[in-house]
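Architecture at a glance
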Amino acid sequence: TIGATPSPETHQGVVDAAIGKGGVSAASDGRVPHAHFESAAEAIGVLQRAGVIVWACDFCEDAVTLNKALDELTEARGGHSRLPAIALVMGNERMGVSCRNLCDRVIYIPVFKNRPLRVDVAAGQAAFFVADRWAGPKSSLAHRPATVARLGELLGLSK
């Protein structure tokens, strides 16, 4: 999370909303790593220094479709279906991503008649497509828990 965005560590309501009735959220029990930064620039810098590719999800002149970016990345890696770690930076519906110039690439999700998506919907779609492509062949699903652990290592959150 960035800036004033509520986080599991500072706002019990975030944990309560994630848990729902009688359940336990993945974030609250430590399965999903979380880090809080004062600014997007700080977060992007930490990720890039850790070797994570950072893409801004925004609709602008120099943006390419998410699928094209994923195809190009796969091709650049010699056709390997398992991609390196990718972080998606989401802005808001009105102002977009203010720090897109710090990101490695700007991508967008094509939509019918260029109607904008809500940021939560766009984040879910983008994360799904990146994770699906990143996982590689469906037979390799067993490595996904290790992926979450690796994210924690990249962010320096390993226990």
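All values derive from a computational prediction rather than experimental measurement. (Residues numbered from 1 in each chain as written. Predicted model: local features only at pLDDT ≥ 70, side-chain atom pairs only at ≥ 80, totals over all residues. Heavy atoms only, no water.)

1. Topic: helix α2 (residues 40-49)
Heads up, the rule is: Each residue's exposure class comes from its accessible area (1.4 Å probe, protein chains only) as a fraction of the maximum for that residue type: buried when under 20%, exposed when over 50%, partly exposed otherwise. Numbered from the N terminus, helices here are DSSP runs of H or I no shorter than four residues, and strands are runs of E no shorter than two. In what follows, a contact means two residues having at least one pair of non-hydrogen atoms within 4.5 Å.
Among all positions of α2, only A43, I44, G45 and L47 are buried. Structurally, α2 contributes buried residues whose contacts are with β1 (53-57) and β3 (86-90). Phi turns positive, to about 90 degrees, at G51, one or two residues after α2.

2. Some words on helix α3 (residues 66-76)
Think of an α-helix as turning once every 3.6 residues; residues three or four places apart then point the same way. Convention followed: In this description, the arc belongs to the directions extending from the helix axis to the C-beta atoms.
For α3, every residue scored as buried is listed here: L66, A69, L70, L73 and T74. All buried residues of α3 project into a common sector of 135 degrees when viewed along the axis, lining one side. The outward face of α3, more than 90 degrees from its buried face, is lined by the exposed residues E75 and A76. A positive phi of about 75 degrees marks G78, the residue just after α3.

3. Side note on the pairing of strand β4 (residues 105-108)
The cut-off we apply is this: Pairing between strands is defined by DSSP: at least two bridges between them are needed.
Alignment of β1 against β4, held across 3 bridges, turns out to be parallel. By the bridge assignment, A56 is partnered in β4 with V106. Of the pairings in the sheet, the one linking strand β2 (residues 64-65) to β4 comprises 2 bridges and is parallel in character. For T65, the partnering residue across the bridge sits in β4 and is Y108.

4. Brief notes about the nonpolar core
As a rule of thumb, soluble globular proteins bury nonpolar side chains together. What counts here: Throughout, nonpolar core names a set of buried Ala, Val, Leu, Ile, Met, Phe, Trp, Tyr and Cys residues whose side chains join them through atoms within 4.5 Å.
Residues W55, L66, L70, L73, L83, I86 and I107 are the most contacted members of the largest nonpolar core, which totals 16 residues. Elements represented by at least two residues in this core include exactly β1, α3 and α4 (119-135). Apart from the residues within four sequence positions on either side, I86 is in contact with V52, I53, W55, L70, L73 and V130. If you look at the next biggest cluster of nonpolar residues, it comprises 13 residues, including I44, V54, C60 and V89.

5. Describing the environment of R133
Tracing the chain through its elements places R133 in helix α4. Relative accessible area serves as the criterion here: at 23%, R133 is assigned to the partly exposed category. Sequence separation of R133 and T74 is 59 residues, and the distance between their C-alpha atoms is 9.1 Å.

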